[in-house]
Amino acid sequence: MDHIKSNLSQRILLFTILLISVLSNPVSAQEMNEMWGKQSNKTRLASKESESVKLFRDGNYGLFLHWGLYSHLEGKWNGKTYYGIGEWIMHPSMAGIPVDDYMASAANFNPVNFDAEKIVKLACDAGMKYIILTAKHHEGFAMFHSEADSFNIVDATPFDRDPLLELSRECQRQGIGLGFYYSQSQDWTAPGAIKGPKTDKNGNEVSFDDYFYRKCLPQVTELCTKYGPISLIWFDTPGNISMDQVLELYNTVKKYQPDALISGRIGHNMGDYRTLGDMEIPSANAEGLWEACDVINDTWGYNWFDKNWKTPKEVVTNLLSTVARGGTYLLNVGPAGDGSMPREAVYSLEKAGEWIKRYPQVVYGSGASPWGKALPWGDAVVADSSLYLLVFDMPVDNTLYLHGLKNRVESMNLLNGDMATPVTWENNGDWLKVNVPAAAQGDDYVNVIKVELDGNEAKADTALFLSPNSPVKYGVEFATASDSHPGYHNWKEKFGEWKHAHFINKWGENGKSTWEVEVMEPGYYQVELEYSGEKRVVWRVTLDNDADSSFIQNQQGALPAYMFKPIGWIYLPAGRQSLSVSLVEGNRDITALRSIRLSPVK
Ligand code: JFZ
């Protein structure tokens, strides 16, 4: 992701140049910088809160549709299957389809089963509040009738309909928001664009400006003027597009659609909200307006072979985890080449939607957990002065432990639609023991317990805590690293399927990773470490605050992929403990520690 992180001094220089050059623009680079600089974007947008902001911030759940010419190729070219993200099939890292061949394949694209009414109804039934459709992806094919460029679904295929027109009408009729994805820099079939042909049809050299002013800007203008009110434009992969051009794009959208939000991937840190790395839900609460974008299987664009669907429960828990961190969940489904929605995706979305209809208060307009991170057995959100406990994995004894809630509890109820079953609880110093009724062991994906508080905003001590009846896992992002190197990386396993990890490597002589944890019940805890590396390593886990500095130490294998390995039992007394992990033997450079898991020994 180095291309995204711009070097500070370069940016200062750019700002200076742009201050002079763009003063005539409705939004100047300076204003942009101020917007993104000191204030969080939440503060900025709160002052002129638009419908789109409300939709995004309170709706909390949207449908992403990657649908294009690639969908009808469904991961296959000339009889060979390319396993990876479907919308990249043309790219040299996949099938490497020549521009002319790819463009010619449009003659066979005829998505006669596209049914905007059905798709919008599905999104509504699923509990989603807006839809974002790929108007043009990296391969340059427009899914709308574009006057600016004839490589589009109306002019280049036998399908004589404009899906964006149909979708925009249905979104308005059924009352949900609509946004468009537009690849502003990469266009693999447009001369001059990033990764596009270097010359035009006549062999003349063309520049990015040619592409930008002849195709990109006119098409974005079309999107903003031909389809009624839109909530959002989802720009992506800015590459090295200039700040001037980003401003032009930004101002063009705002000129015609002042209410529309613009994704952070427009470039140069502009845009109205942040999109996190693909397929990533952060582990700690994040401020401001942001979105996690996820996929219901492993590919954005449809592939015939990808049947790795997220279950309804996974959809629900991913959505809730995102909301509990303070974000909005955008979930992608790739419609097939005939325009239909994959049946399994429909199944998961509808089932998840039925759950959401029973518990709308924990999804819409609800806010982040006061604990700042996931809880051992699930998560928490707040809404209108109540706290909601979301139980993803109910402990076998139906008992939940919570540490550090600062508010007095007035009442607790296990919810199910309109039904509420009273829940009892016990206070024990900083700990709260919640006795969940057996009714919770039904077939619901997530149990919801409403906790009425003393009327004050929910506050909690954000210290890590160990549950006496369920395992907990804490990543190194919640630890302090000393004489070692904390880092974060993304990598692809299958092509285009991103994984993310915080890690600690480069272990010095005194290198360690230290977690401070609250222990309620003294006793033995099984310690497992998640790490990657090579050959063999020896780890030590020390109880720092113990007078005898008790520790456990053992050798384990190390592999290039992150894996959990058991280290042993450690005895933990009650109260605040400091646990340090250090590398005793092994490759000090590459051994990368990712997390610790502590399971009470019963
Ligand atoms: C991009 C596209 O290339 C991809 O095809 C899909 O549309 C996806 C939603 O977005 O891929 C990215 C862009 C940014 C990151 C990762 C994948 N990122 O910042 O981690």
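Residues numbered from 1 in each chain as written. Predicted model: local features only at pLDDT ≥ 70, side-chain atom pairs only at ≥ 80, totals over all residues. Heavy atoms only, no water.

1. Let's talk about the site of the ligand
- By nearness alone, 15 residues border the ligand, and His66, Glu87, His137, His138 and Asp236 come closest of all.
- The side chain of His66 places a nitrogen or oxygen atom 2.6 Å from an oxygen atom of the ligand.
- At 3.5 Å, a side-chain N or O of Tyr181 approaches an oxygen atom of the ligand.
- The fraction of the free accessible surface of the ligand (450 Å²) that becomes covered by protein chains is 92%.
- Of the residues assigned to the shell around the ligand, the class counts are six nonpolar, five polar and four charged. (Near = heavy atom within 4 Å. Polar contact = N/O pair within 3.5 Å; in protein donor to acceptor, adjacent residues only side chain to side chain. Areas by Shrake-Rupley, 256 points an atom, 1.4 Å probe, with all protein chains shown as cover. Nonpolar A, V, L, I, M, F, W, Y, C, P; charged D, E, K, R; others polar.)

2. Some thoughts on helix 12 (residues 343-358)
- Over its 16 residues, helix 12 extends 23 Å from the first C-alpha to the last, a length consistent with the 22 Å expected when each residue adds 1.5 Å.
- Three or more residues of helix 12 are buried, namely Ala345, Val346, Ser348, Leu349, Ala352, Gly353, Trp355 and Ile356.
- Elements in contact with the buried residues of helix 12: strand 1 (61-65), helix 7 (116-125), helix 11 (312-325), strand 10 (328-333) and strand 18 (447-453). (Helix = DSSP H or I, 4+ residues; strand = E, 2+ residues; numbered from the N terminus. Expected span 1.5 Å × (residues − 1). Buried < 20%, exposed > 50% of the residue type's maximum accessible area, 1.4 Å probe, protein only. Contact = heavy atoms within 4.5 Å.)

3. Some words on the environment of Cys216
- Here Cys216 is to be found in helix 9 (residues 208-225).
- Under the relative-accessibility criterion, Cys216 is labelled buried at 0%.
- With 103 residues separating them along the chain, Cys216 and Asn113 place their C-alpha atoms 29 Å apart.
- Beyond its immediate stretch of four places on either side in the chain, Cys216 contacts Tyr182, Gln184, Tyr211 and Leu249.

4. Remarks on the packing of helix 9 against helix 10 (residues 243-256)
- Viewed as axis vectors pointing N to C, helix 9 and helix 10 meet at an angle of 20°, and their least axial separation amounts to 9 Å. Taken together, the axes of helix 9 and helix 10 are roughly parallel relative to one another. You can see that helix 9 and helix 10 cross each other, and the crossing is right-handed. Across the interface between the two elements, Phe208, Asp209, Phe212, Tyr213, Cys216, Leu217, Val220, Thr221, Cys224 and Thr225 from helix 9 touch Gln245, Glu248, Leu249, Thr252, Val253 and Tyr256 from helix 10.
- For the contact of helix 9 with helix 10, the per-class residue count stands at ten nonpolar, four polar and two charged. (Axes fitted to C-alpha atoms, helices over the stretch in contact; angles between N-to-C directions. Parallel < 35°, antiparallel > 145°, perpendicular 65-115°, else oblique. Left-handed = near helix turned anticlockwise from the far one by under 90°.)

5. Points about unusual backbone geometry
- Residues other than glycine seldom take positive phi values, yet Asn60 does so here, at roughly 65°.
- Mapped onto the elements of the fold, Asn60 is located in the loop between helix 4 (51-59) and strand 1.
- With a relative accessible area of 2%, Asn60 lands in the buried category.
- Positive phi values are uncommon outside glycine, yet Lys535 reaches one of about 55°.
- Note on placement: Lys535 falls in the loop between strand 25 (523-532) and strand 26 (536-543).

6. Details of the pairing of strand 23 (residues 498-505)
- Pairing between strand 22 (residues 485-492) and strand 23: eight bridges, direction antiparallel. For Trp491, the partnering residue across the bridge sits in strand 23 and is Lys499.
- The turn linking strand 22 back onto strand 23 is made up of five residues, and Gly496 within it adopts a positive phi angle of 85°. (Pairing = 2+ DSSP bridges.)

7. Observations concerning the sheet that holds strand 11 (residues 378-383)
- Taken in spatial order, the five strands line up as 11-12-18-14-15 in an open sheet, and their pairing is antiparallel. Pairing within the sheet leaves two strands with one partner each, and these edge strands are strand 11 and strand 15 (419-422). Going across the sheet, the axis of each strand differs from the next one's by a mean of 30°, ignoring polarity.
- Alignment of strand 14 (residues 409-416) against strand 15, held across four bridges, turns out to be antiparallel. Looking at strand 15, one finds that Asn413 is bridged to Pro422.

8. Here we look at the sheet that holds strand 13 (residues 399-403)
- What the three strands build is an open sheet, ordered 13-17-16; its pairing is antiparallel. The open sheet has two edge strands with one neighbour each: strand 13 and strand 16 (424-428). Taking the axes of each pair of neighbouring strands and ignoring which way they run, one obtains an average angle of 20° across the sheet.
- Sheet analysis places strand 16 next to strand 17 (residues 431-435), joined by five bridges and oriented antiparallel. Looking at the pairing, Asn427 lines up with Leu432 of strand 17.

9. Thoughts on the layout of surface pockets
- Looking at the second largest pocket, its volume works out to about 410 Å³.
- What lines the second largest pocket is a set of 18 residues, and nearest its centre among them are Thr189, Ala190, Pro191, Asp200 and Lys201.
- Among the elements of the structure, helix 6 (99-104) and helix 9 are those that each provide at least two residues to the lining of the second largest pocket.
- If you tally residues by element for the lining of the second largest pocket, the top one is helix 9, at four residues.
- Taken together, the residues of the lining of the second largest pocket break down into nine nonpolar, two polar and seven charged. (1 Å grid on protein atoms, 1.4 Å probe; cavity = no way out; pocket = protein on both sides within 12 Å on 5 of 7 lines; lining within 4 Å. Points joined across faces, edges and corners; volume = space filled by probe spheres on them.)

10. Here we look at the pattern of salt bridges
- Counting across every chain of the model gives 26 salt bridges.
- With a closest N to O distance of 3.3 Å, Glu51 and Lys54 form a salt bridge. Here Glu51 and its partner Lys54 are both found in helix 4, three residues apart, which amounts to about one turn of the helix.
- Residue classification places Glu51 among the exposed residues on the basis of a relative accessible area of 54%. (Salt bridge = Lys/Arg side-chain N within 4 Å of Asp/Glu carboxyl O.)

11. Re empty space enclosed by the protein
- Under the defined criterion, the tally for this structure stands at three cavities of 30 Å³ or more.
- Lining the largest cavity, in full, are Tyr83, Gly84, Ile85, Asp298, Thr299, Asn303, Phe305, Asp306, Lys494, Phe495 and Glu497.
- Partitioning the lining of the largest cavity into residue classes produces four nonpolar, three polar and four charged.

12. A short note on the nonpolar core
- The biggest cluster of nonpolar side chains holds 117 residues, and the ones touching the most others in it are Leu63, Ile131, Leu349 and Val362.
- A total of eight residues in this core trace back to one element, the largest contributor, which is helix 9.
- Residue contacts for Val362: discarding those within four places in its chain leaves Leu320, Val323, Trp355, Val381, Tyr388, Leu390 and Val448.
- Val476, Val519, Leu543 and Leu579 belong to the second-largest nonpolar core, a separate cluster that totals 30 residues. (Core = buried A, V, L, I, M, F, W, Y, C linked by side-chain atoms within 4.5 Å.)

13. Section: the packing of aromatic side chains
- Enumeration according to the criterion identifies 28 aromatic pairs in this entry.
- For the ring pair Tyr524 and Tyr571, a centre distance of 5.4 Å and an interplane angle of 80° mean the geometry is edge-to-face. Of this pair, Tyr524 sits in strand 25 while Tyr571 sits in strand 28 (residues 563-572), placing them 47 residues apart in sequence.
- We classify Tyr524 as partly exposed; its relative accessible area is 44%.
- What makes Tyr571 partly exposed here is its relative accessible area of 44%.
- Feature note: the residues Trp67, Phe109, Phe114, Phe141 and Phe151 constitute an aromatic cluster, connected by ring pairs.
- Above the face of the Phe551 ring, Arg540 is positioned so that its terminal group lies 4.4 Å from the ring centre.
- We note Arg594 situated over the ring of Tyr562; from NZ or CZ to the ring centre the distance is 4.9 Å. (Phe/Tyr/Trp six-rings, centres within 6.5 Å; stacked < 30°, edge-to-face > 60°. Lys NZ or Arg CZ within 6 Å of the ring centre and 35° of its normal.)

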